[in-house]
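Close look at the chain arrangement
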Amino acid sequence: MNKMSSAFNIDLNSLGVNKDLLKERATASFNIKELTHLFDGGEEKTRRRKELEKIVYSDPLFHNKGRIYLPKSEAYERAVQKSVKIFEWRKKYQWSDEDYYTVSKRINDFDEAFTLHHTMFVPALERLGTDEQKAKWLPLALNYKILGTYAQTELGHGTNLLKLETTATFDSYTDEFVMNSPKVSSMKWWPGSLGKSSTHAIVLAQLVINGKQFGLQPFIVQLRSLENHTSMPGVTVGDIGPKMTINNIDNGFLILNNVRIPRTNMLMGNAQVTRDGKFQILKGNKSNYSTMMYVRVEITNWAMGMLFYSATMALRYSAVRRQSSLKPSGDEVQILDYQAQQYKLLPGLGAGFCLFFTSNVLKDIYNKDYPELMKGNKAVLAEMHSQSSVAKAVCAEIASHHIEIMRRAMGGHGFMMLAGICKVSLGVLTLNTVEGDNTVLYQQTARYLLKQVAKSLSGEPLEGSSAYLGVSRNDVFTFSSPQECLNLDLLVEIYQRMSQRVLVRTAKLIQADFESGMDQGDAWNKNMVALTVAAKMHGVQYIFQCCRDSMMTLEQTASPELYRVLKRCCLLFALHWLETNSGHFLETETISPSQLQLIRDAEMDLLGIIRPDAIALVDAFDIHDYCLDSVLGCSDGNVYERMYQSALDEPMNKTDVHPAYYKHIRGLLKGQASKL
């Protein structure tokens, strides 16, 4: 046995729960289980999740011991093991889609190799295929006879879908499409599960018939043999290499060289190519983007989850970590008692609840509008595309910002991978570029909003997320005390006034450039930063609009205690975002400098009010220690003992003397040449 392992004899099972965490949990002003049920979607769903956790965590594979020390290839292999095991359980226990999603996200934290199979490949089949194609492909996918991914992004093009270069040329003689990657920039690059896992991919390619392009269409392409998993003729596929994080997933590249697929492998739910080579639009090509919109809506939920994971780690650690004292010769204080620490952590916690409500509202709207999306309803498509784009961008940025603040608030220990938050802090960064770079998404939303502003100025009524732009707000808006700021209706009004004024001002800038004779593209580029900011302001106000509407519902359905604490969390984030981005509000004269001070006063007051409930709020998310995988955020609070035990698992500590000593250090110390 390594000598270091006997330096301290620690039995984690006998330690009990840290006394500071016990004290924190005793101060909760609300029923923790009630909030847990809200997160899960109801008491029955919480019960079901617990049942699934019992199955999953009965297998040591899902205890994640030593996961942070695995090299890339081994991390991928363990993820494959997990995916296979989950798929086996799904078949054995006949799990529903909801059960599978609960296991994948809430229990296993997406630590799998085949996530795109269910998050994009299967949804794309369901949304883009004909009834006949669904009957053929969905049973194969759902029974894991094939594994799929969604190959859209290319090395040279991502968000500019119209310029994707992969081609699918129809050969009328053989009734086939010939798939090609015509140049280096056209190879598919980034799709998850593409490198080594997937047998099939839905490939987005430019349809070509008789030398004429008919736009982007989806095609099912077999990548690997179902007998021995070797790549198919004409297919060059592999892993793109190490990334900042998520190295458990084999993000890949794909080159197609005259790969022939049957004509019926084009997903023809929205458009079709007949046997005689005629292209027919059935619903409108924009409905092809429904899968992308679906994923963007999901990303808002992922951002929320990452925020709560991080808040759980940072707040629990801040409750058990004691540092310095407030009075001479006094006891060391829980760092969560310091206002500065509360200011770092509690707004991020509030942001998590705001993203939770926003994601739920957006998901409900998507599900309600889905039939119209699939019919190609242009008005619904435009609204959903705008809202899913800006919500994805804003939620990703909010989560990234606050998770990094939380990581720093955990001090030096938070920098260690064993703390758990580093993985989340790096992982959330992917949300800012996956499914569209945020700057591009803001611009797409801005185009929609400028049309809405024009309608409003011409007197046309507005509906949906931009209806507030049609409200006349020429009256003087006043509030005169911090207490008045604790009103969601008032704060939503403040945000909407600011957003409306920023959008109208930006629209006027663009219009002035048009009228001066400037080319449309040049005018857009000249005002691109202003357009991006305008769209972001719209997205932020939408978050608080969703919070306000959700709290109105909760006031009728939740206990007064839970309603009160959740409202405080939403208020805190609304005040915090306003305070830290006050320039937009002052510049548009939405608030005055004296009112900004009232907002700051109200924010500081809320920190102390929410602080006694902080641990209970993150406990309610009910993340199992195996899933959280954080020695600093563990539910028992025994952080120092767990840090030491985790360090013993470091591969370098398996021997007392490292081989580098014999190869290099010994020669240096003894004045001998290094053995290179």
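A brief look at the structure comes next. (Residues numbered from 1 in each chain as written. Predicted model: local features only at pLDDT ≥ 70, side-chain atom pairs only at ≥ 80, totals over all residues. Heavy atoms only, no water.)

With that settled, the discussion passes to the overall build of the protein. Within the protein, the regular secondary structure consists of 22 helices and 13 strands. Taken over the C-alpha trace, the protein has a radius of gyration of 27 Å; the compact-globule value for 676 residues is 26 Å, and the two agree within 12%. The 676 residues of the protein split such that 54% are buried. (Helix = DSSP H or I, 4+ residues; strand = E, 2+ residues; numbered from the N terminus. Rg over C-alpha atoms; globule rule 2.2 N^0.38 Å. Buried < 20%, exposed > 50% of the residue type's maximum accessible area, 1.4 Å probe, protein only.)

We now examine unusual backbone geometry. A positive phi angle, close to 55°, is found at Gln 94, a residue other than glycine. On the secondary structure map, Gln 94 appears in the loop between α4 (72-93) and α5 (97-107). The residue Asp 629 is not glycine, and still its phi comes out positive at about 50°.

Attention shifts here to the side chain of Glu 298. Within the fold, Glu 298 resides in helix α8 (residues 290-320). Not counting residues up to four positions away in its chain, the partners in contact with Glu 298 are Tyr 101 and Lys 363. (Contact = heavy atoms within 4.5 Å.)

Another point: the nonpolar core. Counting residues in each nonpolar core, the largest one holds 169 residues, and the members touching the most others are Leu 315, Phe 353 and Phe 544. If sequence neighbours within four positions are ignored, Phe 544 has contacts with Cys 354, Val 492, Tyr 495, Cys 570, Phe 573, Ala 574 and Trp 577. With 25 residues, the next largest nonpolar core counts Ala 201, Phe 219, Met 268 and Ala 271 among its residues. (Core = buried A, V, L, I, M, F, W, Y, C linked by side-chain atoms within 4.5 Å.)

Enumeration over the complete set of coordinates arrives at 44 salt bridges. Here Lys 19 ties to Asp 20 by a salt bridge, and the two come within 3.9 Å at their closest N and O atoms. We classify Lys 19 as exposed; its relative accessible area is 61%. A network of salt bridges, in which partner residues are shared, links Asp 40, Arg 49, Lys 50, Glu 53, Arg 106 and Asp 622. (Salt bridge = Lys/Arg side-chain N within 4 Å of Asp/Glu carboxyl O.)

The subject of this paragraph is the packing of aromatic side chains. Within this structure, the stated rule accounts for 27 aromatic pairs. Arranged with centres 6.2 Å apart and planes meeting at 15°, the rings of Tyr 93 and Trp 95 form a pair that is stacked. Plain terms: the ring middles of Phe 308 and Phe 353 are 4.9 Å apart, the flat faces sit at 80° to each other, and that makes the pair edge-to-face. One end of the pair, Phe 308, is in helix α8; the other, Phe 353, is in helix α9 (residues 339-375), with 45 residues separating them in the sequence. The exposure class assigned to Phe 308 is buried, which follows from its relative accessible area of 1%. Taken together, the ring pairs in this structure connect Phe 39, Phe 308, Tyr 309, Phe 353, Phe 356, Phe 357 and Phe 621 into an aromatic cluster. If you follow Arg 127 out to its NZ or CZ, it ends over the ring of Tyr 294, 4.5 Å from the centre. Over the aromatic face of Trp 524 sits the side chain of Arg 447, whose NZ or CZ is 4.0 Å from the ring centroid. (Phe/Tyr/Trp six-rings, centres within 6.5 Å; stacked < 30°, edge-to-face > 60°. Lys NZ or Arg CZ within 6 Å of the ring centre and 35° of its normal.)

Here we come to the pairing of strand β3 (residues 176-180). Of all five residues that make up β3, four are buried, and the element is covered over most of its length. The pairing of strand β2 (residues 167-171) with β3 spans five bridges and is classified as antiparallel. Bridge pairing in β3 places Asp 171 opposite Glu 176. Connecting the antiparallel pair β2 and β3 is a turn made up of four residues, with Asp 175 showing a positive phi of about 60°. Across four bridges, the pairing between β3 and strand β9 (residues 259-262) is antiparallel. Opposite Phe 177, over in β9, you have Ile 261 as the bridge partner. (Pairing = 2+ DSSP bridges.)

Within β2, four of the five residues are buried, which leaves the element mostly enclosed by the surrounding structure. In this structure, β2 lies alongside strand β5 (residues 200-209), joined through three bridges in parallel fashion. Residue pairing in the sheet places Ala 168 in a bridge with Leu 207 of β5.

Right, let's talk about the environment of Thr 102 for a bit. Its location among the elements puts Thr 102 in helix α5. Owing to a relative accessible area of 17%, Thr 102 belongs among the buried residues under this scheme. Taking C-alpha positions, Thr 102 is 50 Å from Pro 328, a pair spaced 226 residues apart along the chain. For Thr 102, the contacting residues outside a window of four places in its chain are Arg 49, Leu 52 and Ile 107.

As a further point, take the packing of helix α6 (residues 115-128) against helix α7 (residues 131-142). Where α6 meets α7, the axes come as close as 9 Å, and the angle between the chain directions of the two elements is 165°. Considered as vectors, α6 and α7 are oriented roughly antiparallel to each other. Classified by chirality, the crossing of α7 by α6 is left-handed. Along its contact with α6, which presents His 117, His 118, Phe 121, Val 122, Leu 125 and Glu 126, the element α7 presents Lys 134, Trp 137, Leu 138, Ala 141 and Leu 142. In the contact of α6 with α7, the residues fall into seven nonpolar, two polar and two charged. (Axes fitted to C-alpha atoms, helices over the stretch in contact; angles between N-to-C directions. Parallel < 35°, antiparallel > 145°, perpendicular 65-115°, else oblique. Left-handed = near helix turned anticlockwise from the far one by under 90°. Nonpolar A, V, L, I, M, F, W, Y, C, P; charged D, E, K, R; others polar.)

Moving on to the packing of helix α16 (residues 560-580) against helix α18 (residues 593-610). Between α16 and α18, whose axes approach to 9 Å, the crossing angle comes to 140°. Comparing the axis directions of α16 and α18 gives the class oblique. Two packed elements cross with a definite hand, and for α16 against α18 that hand is left-handed. Contacts between α16 and α18 involve Arg 568, Cys 569, Leu 571, Leu 572, Leu 575, His 576, Leu 578 and Glu 579 from the first element and Leu 596, Ile 599, Arg 600, Ala 602, Glu 603, Leu 606, Leu 607, Ile 609 and Ile 610 from the second. Per-class residue counts for the contact of α16 with α18 are twelve nonpolar, one polar and four charged.

A separate point is the sheet that holds strand β4 (residues 188-189). Ordered by their spatial adjacency, three strands build an open sheet running β4-β8-β7, and the pairing between neighbours is antiparallel. Sheet topology places β4 and β7 (235-239) at the edges, where each strand pairs with a single neighbour. Relative to strand β8 (residues 252-256), β4 runs antiparallel, the two sharing two bridges. Across the sheet, residue Lys 188 finds its bridge partner in β8, namely Leu 254.

Residues that lie three or four places apart on an α-helix share one face, since the helix turns once every 3.6 residues. Across its 28 residues, helix α13 (residues 488-515) extends 40 Å between first and last C-alpha, which sits within 8% of the 40 Å expected from 1.5 Å per residue. Phi for Gly 517, located one or two positions after α13, is positive at around 95°. (Expected span 1.5 Å × (residues − 1).)

Below, the discussion takes up the state of the cysteines. Tallied over the full model, the rule gives zero disulfides. Here Cys 569 is not cross-linked by a disulfide; its sulfur's nearest cysteine counterpart is in Cys 570, at 6.9 Å. In this structure Cys 634 is not part of a disulfide, and its nearest cysteine sulfur, from Cys 627, lies 15 Å away. We classify Cys 634 as buried; its relative accessible area is 3%. (Disulfide = S-S within 2.5 Å.)

The next thing to look at is the side chain of Ser 104. In this structure, Ser 104 sits in helix α5. Only 2.9 Å separates the side chain of Ser 104 from the side chain of Glu 112, close enough to count as a polar contact. Ignoring any residue separated from it by four or fewer positions in sequence, one finds Ser 104 in contact with Asp 109, Phe 110 and Glu 112. (Polar contact = N/O pair within 3.5 Å; in protein donor to acceptor, adjacent residues only side chain to side chain.)

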